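Letter by letter, the chains look like this.
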There are 2 protein chains.
Amino acid sequence: MEFKISKDLLDELEVLIQENKEKEVLDLLQDIHFADIAEIMGEMQSHEAIYIFNALDSEKTAEILLELDEEVREKILRSLSAKEIAEEIDELSTDDAADIIAELPQSRKEEVISELEDVEHAKDIVDLLRYDEDSAGGLMAKELVKVNENWNVLTCVKEMRAQAENVSRVHSIYVVDDENRLKGRLSLKDLLTTSTKTPISEVYIPKVDYVKVNTENVEVARIMQKYDLEAIPVVDELGRLVGRITIDDVVDVIKEEADKDYQLAAGISQDVEADDSILELTKARLPWLVLALFGGFVSVRVLGIYEPAMEEHRNLFFFTPLIAAMAGNVGVQSSAIIVQGLANNALSGSLLNRLLKELSLSLLNGCILSLILMLGSHFLLGIDFQTGMTVSLALLSVIIMASLIGTFIPIILDKYGIDPALATGPFITTSNDIMGIIIFFTIAKAILGF
Amino acid sequence: MEFKISKDLLDELEVLIQENKEKEVLDLLQDIHFADIAEIMGEMQSHEAIYIFNALDSEKTAEILLELDEEVREKILRSLSAKEIAEEIDELSTDDAADIIAELPQSRKEEVISELEDVEHAKDIVDLLRYDEDSAGGLMAKELVKVNENWNVLTCVKEMRAQAENVSRVHSIYVVDDENRLKGRLSLKDLLTTSTKTPISEVYIPKVDYVKVNTENVEVARIMQKYDLEAIPVVDELGRLVGRITIDDVVDVIKEEADKDYQLAAGISQDVEADDSILELTKARLPWLVLALFGGFVSVRVLGIYEPAMEEHRNLFFFTPLIAAMAGNVGVQSSAIIVQGLANNALSGSLLNRLLKELSLSLLNGCILSLILMLGSHFLLGIDFQTGMTVSLALLSVIIMASLIGTFIPIILDKYGIDPALATGPFITTSNDIMGIIIFFTIAKAILGF
């Protein structure tokens, strides 16, 4: 059950491919899961990956296609004719099929669709392509099991058998009226234990959770997670049942969303991966660094204003990186916890309570840290008492200020409909750096007078 | 389908509770999903939450108990007798039951278990309590549908009906031998379409993915996600089928893991939420801040060494926060992308390739940023050409160094089995701050000579 790609396996495959020993390649891949074959193909050169793909039979290749990294998939698809792609697509469920077709260049899209054998399948796919990929419509599949409220249990079971052919996993049986409007759901258990002549309208459960086609995918994920749903039906504007979303599709949304927040906190602005190209990685990182650099310009300016202090209080300038760093760290901590609370809908209580809590928290942290700084600057760094006091007092003020800024910026951004995760990372670090330095020197000036 | 707790609803409930109008309270909550009732209870005072809990019938309360925040649940459970808790537990599936019992104080645990009515259920729960909560054993439920390989389809269907009573959602039918060892699985579809006399041994699929009881929960999540599984059987050391994990349990693991990495990146060391107590929040945040503070001491010391430069090159000290901040930002970016790659198992290629890639990336970013700094220091800040050159060159070197440190520390930690996410956030910021300042002044000294 545990699979790690071994260097040996890769080497062996490469040699076999070079010698064109197709049978041996297939034997070697025989017992390997398609997700692992996709991983292996990702590690190989394009022509080797294409070789493996062509050697495997189409039942396996369609699944592999799904699991491949986007760039490898693109290469494989480019090596296939429209007809060959259509054959792969015919094996896939509508949602996966639509995802793959959406990645094709416009002209190929139409070619591939026209080559699809199953007309119903093709129609469903075209239908799905209309929806925004970040909406429930973009997540849903057309495959589902539905029954009419006017049928009886017997008709139902018969119809279901036919429908179930196309549905790999039956989660729920949905009940619709003559207009295809969603009325409720049926449990398999009830169906099995009820007399065959009972009308469906008497046994179905009229309460059913659903989402609309245009609901955002993040919202769909939130609902399914909160209500512990394994599948949820999707209805259009008129309440007609148009598709079904299963939890495995939503897992990816949840993962992506969490990864995105993490990246924003680390100052990476697009959805990139370590294996993306240098250009893409630069585009994702550079903007934040430029922002931080301009923030740095401001701090240079601010420090220039306090140049006179250099005559008598040189020590102060040794402490500026410390103060700035602490301001940044505290700010990121406060904002991260708020951003996560907002993302998980877990913030309760009023804004005033939140302010008071953050205030007491930063007071507590600030007092402890200032005390350490006071002792440390005296005993470890040999700084004079007056400067030590000044720096410690400044640290306390800076921590309080930084945590309040860190708390409020995300809340305010969220109020105005901006992704609060933007406020974490370089943005808050930079602004808190500058604020920290200003507060530090203002306090120092007041105490030491320069 | 969309639910937001309204202030009006809360106020109305509070008034009704005060006036002890139980029927009206129940009417108001009638159509509200249990997950939402749990949310409402989380917003109320303890006695109000307890009032609502007692008013509802036990079918609903067991589910609500599961959905409550841990601290609210603790309060509710404290207000209940062992017998009452046992009644709630009897309604839950074994995995959820075990999770709730695990939260009780030791003495109450035993009391509650002894009050459980269903002896089989109690045995299963006690069994589950033995496993580490971060392992497959801690995630799994005992409820599953299994059949013996020696049965025929007819016996199977009969037995399954009885078993399915206890299983809310049938994902797979597992096939075992006489010793209860996992042999394979059956699809419902095959079962429905095969003649009733066929022996199971002829129709089952011998290839089945499984995990061992002691597999880490994060690994279980990875496997289920990678192979798109909705449920996975769990076997003990002897290969005997002991439980089953469903995707909805794993969704929480995935979410928690992603949240944890995010928090580590932001310098928060425990799994805390915005609504936790001040003491818990302090415990999670303070260690990192102390670390950063001591890092700050080092930077004060380092700057002290370069005090002589203050005579002629004061400007350099204005630039230290800028250099330190850039080093920190670059380091966090590099490490975050590696940590995420490690977490998603998405890092391919050799260490050398990774090094070369990061090197070219940081060269590219570094050159652009140094150029901006050179122009900016001249035109925006009015710094002399020689200092501008020095600072820009230092920035380039610092960026390259910071990105290499940010790349390698997580990889090295991971090699030694330490969570690489520890390397992001304050840890990398602080060490890069110091390194940045040292490199900056070393270069400045070499060029400007002081």
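Keep in mind that this is a model prediction, so the values were computed, not measured. (Residues numbered from 1 in each chain as written. Chains lettered and ligands numbered in written order. Predicted model: local features only at pLDDT ≥ 70, side-chain atom pairs only at ≥ 80, totals over all residues. Heavy atoms only, no water.)

**Student:** Summarise the overall build of chain A; cite the residues concerned and give the values.
**Tutor:** Helices and strands together make up the secondary structure of chain A, namely 21 helices and six strands. Taking 22 Å as the expected radius of gyration for a compact globule of 450 residues, we find that chain A reaches 30 Å, considerably beyond that expectation. Projected onto its principal axes, the C-alpha positions of chain A cover 90 × 65 × 40 Å. For chain A, with 450 residues in total, the buried portion stands at 53%. Summarising the internal contacts of chain A: among those between residues at least 6 apart in sequence, 66% fall at separations of at least 24. Here chain A displays about 20,200 Å² of accessible surface, and carbon together with sulfur accounts for 53% of that area. Of the side-chain charges in chain A, 39 are positive and 78 negative, and the distance between the mean point of each set is 7 Å. (Helix = DSSP H or I, 4+ residues; strand = E, 2+ residues; numbered from the N terminus. Rg over C-alpha atoms; globule rule 2.2 N^0.38 Å. Buried < 20%, exposed > 50% of the residue type's maximum accessible area, 1.4 Å probe, protein only. Contact = heavy atoms within 4.5 Å. Areas by Shrake-Rupley, 256 points an atom, 1.4 Å probe, with all protein chains shown as cover. Lys, Arg positive; Asp, Glu negative; His and termini not counted. Charge placed at Lys NZ, Arg CZ, Asp CG, Glu CD.)

**Student:** Provide a residue-level description of the environment of T155 of chain B, including the pertinent values.
**Tutor:** Residue and element names in this part refer to chain B. By the element assignment, T155 lies in helix α12 (residues 153-164). With a relative accessible area of 32%, T155 lands in the partly exposed category. Separated by 42 residues in the primary sequence, T155 and K197 have C-alpha atoms spaced 8.9 Å apart. A polar atom in the side chain of T155 sits 2.6 Å from the side chain of N152. (Polar contact = N/O pair within 3.5 Å; in protein donor to acceptor, adjacent residues only side chain to side chain.)

**Student:** Quick one: what's the story with the side chain of S299 of chain A, residue by residue and with numbers?
**Tutor:** Relative to the assigned elements, S299 of chain A resides in helix α17 (residues 278-305). With relative accessibility at 4%, the residue S299 of chain A sits in the buried group.

**Student:** If you had to explain the relation of the copies chain B and chain A to someone new, which residues and values would you point to?
**Tutor:** At an RMSD of 0.2 Å, chain B and chain A line up after a rotation of 180° and a shift of 0.1 Å along the axis. Such a turn and shift between the copies fits a two-fold axis. (Least-squares fit on C-alpha atoms with pLDDT ≥ 70 in both.)

**Student:** Please set out the environment of I76 of chain B residue by residue, giving values where relevant.
**Tutor:** Residues and elements named next belong to chain B. Note on placement: I76 falls in helix α6 (residues 70-78). Looking at I76, the relative accessible area reads 1%, which means it is buried. Taking the C-alpha atoms as reference points, I76 and S135, 59 residues apart in sequence, are found 28 Å from one another. Those residues in contact with I76, other than ones at most four positions away along the chain, are M41, A49, I50, F53, L65 and L68.

**Student:** Hey, could you go over the sheet that holds strand β4 (residues 211-212) of chain B for me, with residue numbers and the actual values?
**Tutor:** All names here are of chain B. Here three strands make up an open sheet; going across it, the order is β4-β5-β6 and the pairing mixed. Of all the strands in the sheet, the pair left with one neighbour each is β4 and β6 (241-246). Relative to strand β5 (residues 231-235), β4 runs parallel, the two sharing two bridges. Looking at the pairing, V211 lines up with V234 of β5. (Pairing = 2+ DSSP bridges.)

**Student:** So, the packing of α17 of chain A against helix α19 (residues 351-379) of chain B: which residues are in play, and what are the values?
**Tutor:** Across the interface, α17 of chain A lies against α19 of chain B with an axial gap of 10 Å and an inter-helix angle of 35°. Taken as a pair, α17 of chain A and α19 of chain B cross one another with a handedness that is right-handed. Contacts from I278, L281, T282, R285, L286, L289, V290, L293, F294 and F297 of chain A in α17 of chain A reach K357, E358, S360, L361, L364, N365, I368, L369, I372, L373 and G376 of chain B in α19 of chain B. The residue inventory of the contact of α17 of chain A with α19 of chain B, partitioned by class, reads 14 nonpolar, four polar and three charged. (Axes fitted to C-alpha atoms, helices over the stretch in contact; angles between N-to-C directions. Left-handed = near helix turned anticlockwise from the far one by under 90°. Nonpolar A, V, L, I, M, F, W, Y, C, P; charged D, E, K, R; others polar.)

**Student:** I'd like a rundown of the nonpolar core, residues and numbers included.
**Tutor:** The nonpolar side chains of soluble globular proteins are, as a tendency, buried together. In this structure, I245 of chain A together with I52, I76 and I245 of chain B are the most contacted members of the largest nonpolar core, which totals 129 residues. With six residues, the single largest contributor to this core is helix α3 (residues 34-43) of chain A. Residues contacting I245 of chain B, with those up to four places away along its chain left out, are A136, L139, M140, V211, V220, M224, E230, A231, I232, V234 and V250 of chain B. L395 of chain A together with M310, L322 and F441 of chain B belong to the second-largest nonpolar core, a separate cluster that totals 78 residues. (Core = buried A, V, L, I, M, F, W, Y, C linked by side-chain atoms within 4.5 Å.)

**Student:** Could you give an account of the pairing of β5 of chain B, naming the residues involved and the relevant values?
**Tutor:** Residues and elements named next belong to chain B. When you tally the buried positions in β5, you get five out of five residues, the bulk of the element. Burial of the side chains of β5 extends over both faces: A231, P233 and V235 are buried on one face and I232 and V234 on the other. As defined by bridge partners, β5 adjoins β6 across five bridges and the pair is classed as antiparallel. Note on β6: the bridge partner recorded for A231 is T246.

**Student:** Can you lay out the UniProt feature "transmembrane region" (unreviewed entry) in chain A for me, pointing to particular residues and giving the numbers?
**Tutor:** Summarizing the sequence annotation, UniProt attributes the feature "transmembrane region" (unreviewed entry) to residues 286-304, 316-339, 359-381, 393-413 and 425-448 of chain A in the numbering used throughout. With 100% helix and 0% strand, residues 286-304 of chain A has end C-alpha atoms that lie 27 Å from one another. (UniProt positions renumbered as here; feature names shortened; annotations may be inferred.)

**Student:** Kindly report on a nonpolar patch on the surface, identifying the contributing residues and their values.
**Tutor:** Together, I412, Y416, I418 and L422 of chain A line one region of the surface with nonpolar side chains, adding up to about 400 Å² of accessible area. Along the polypeptide, L422 of chain A turns up in the loop between α20 (385-415) and α21 (426-448). (Patch = residues over 30% accessible without salt bridge, like charges linked within 9 Å, V, L, I, M, F, W, Y side chains within 5 Å. Salt bridge = Lys/Arg side-chain N within 4 Å of Asp/Glu carboxyl O.)

**Student:** Can you explain the interface of chain B and chain A? Please cite residues and give values.
**Tutor:** Each side of the interface is counted separately: chain B has 118 residues, and chain A has 116 residues. Surface buried jointly by chain B and chain A totals about 11,000 Å² across both partners, of which 61% is contributed by carbon and sulfur atoms. On the surface where chain B and chain A come into contact, there are 10 salt bridges. Between E307 of chain A and R314 of chain B there is a salt bridge, with the nearest N and O atoms lying 3.5 Å from each other. Applying the counting rule to chain B against chain A returns 18 residue pairs in polar contact (both at pLDDT 80 or more). (Buried area = accessible area lost by both parts, 1.4 Å probe.)

**Student:** Go over the domain arrangement of chain A with me, naming the residues and quoting the values.
**Tutor:** Domain annotation for chain A reports domain 1 (7-133), domain 2 (145-248) and domain 3 (278-448). Relative to domain 3 of chain A, the C-alpha centre of domain 2 of chain A lies at a distance of 53 Å. (Domains from an automatic or database assignment.)

**Student:** Residues and numbers for the UniProt feature "domain: CBS" (unreviewed entry) in chain A, please.
**Tutor:** The UniProt feature table records "domain: CBS" (unreviewed entry) at residues 140-202 and 204-260 of chain A. As annotated, residues 204-260 of chain A comprises 42% helix and 23% strand, and the C-alpha atoms at either end are separated by 41 Å.

**Student:** Mind laying out the pattern of salt bridges, listing which residues take part and the relevant values?
**Tutor:** Where charged atoms of side chains with opposite charge meet at close range, the side chains can pair. Under the defined criterion, the tally for this structure stands at 36 salt bridges over all chains. Residue R73 of chain A is joined to E103 of chain A by a salt bridge in which the shortest nitrogen-to-oxygen separation is 2.7 Å. One end of the pair, R73 of chain A, is in helix α6 (residues 70-78); the other, E103 of chain A, is in helix α8 (residues 94-103), and 30 residues separate them in sequence. A relative accessible area of 8% places R73 of chain A in the buried class. A network of salt bridges, in which partner residues are shared, links D36 and E39 of chain A together with K226 of chain B.

**Student:** Tell me what's going on with the packing of aromatic side chains, and back it up with residues and numbers.
**Tutor:** Counted according to the given criterion, the structure contains 10 aromatic pairs over all chains. Ring centres of Y306 of chain A and F441 of chain A lie 4.8 Å apart, and the angle between their planes is 15°; on these two criteria the pair is classed as stacked. Taken together, the residues Y306 of chain A in the loop between α17 and α18 (314-343) and F441 of chain A in helix α21 connect sequence positions 135 residues apart. F441 of chain A matches Y306 of chain A in its accessibility class, with the two residues each being buried. Grouped by ring-pair contacts, the aromatic residues Y306, F317, F440 and F441 of chain A together with F318 of chain B constitute a single cluster. In this arrangement the basic side chain of R130 of chain A is found over the ring face of Y131 of chain A, its NZ or CZ atom lying 5.1 Å from the centre. (Phe/Tyr/Trp six-rings, centres within 6.5 Å; stacked < 30°, edge-to-face > 60°. Lys NZ or Arg CZ within 6 Å of the ring centre and 35° of its normal.)

**Student:** Explain the sheet that holds strand β3 (residues 182-186) of chain B to me, and be specific about the residues and the numbers.
**Tutor:** Residue and element names in this part refer to chain B. The mixed open sheet is built from three strands, whose spatial order is β1-β2-β3. Two strands bound the open sheet, and with one partner strand each, they are β1 (145-148) and β3. Averaged over all pairs of adjacent strands, the angle between strand axes in this sheet comes to 35°, irrespective of strand direction. By the bridge criterion, four bridges tie strand β2 (residues 173-176) to β3 in an arrangement that is antiparallel. Bridge pairing links V175 to G184 in β3.

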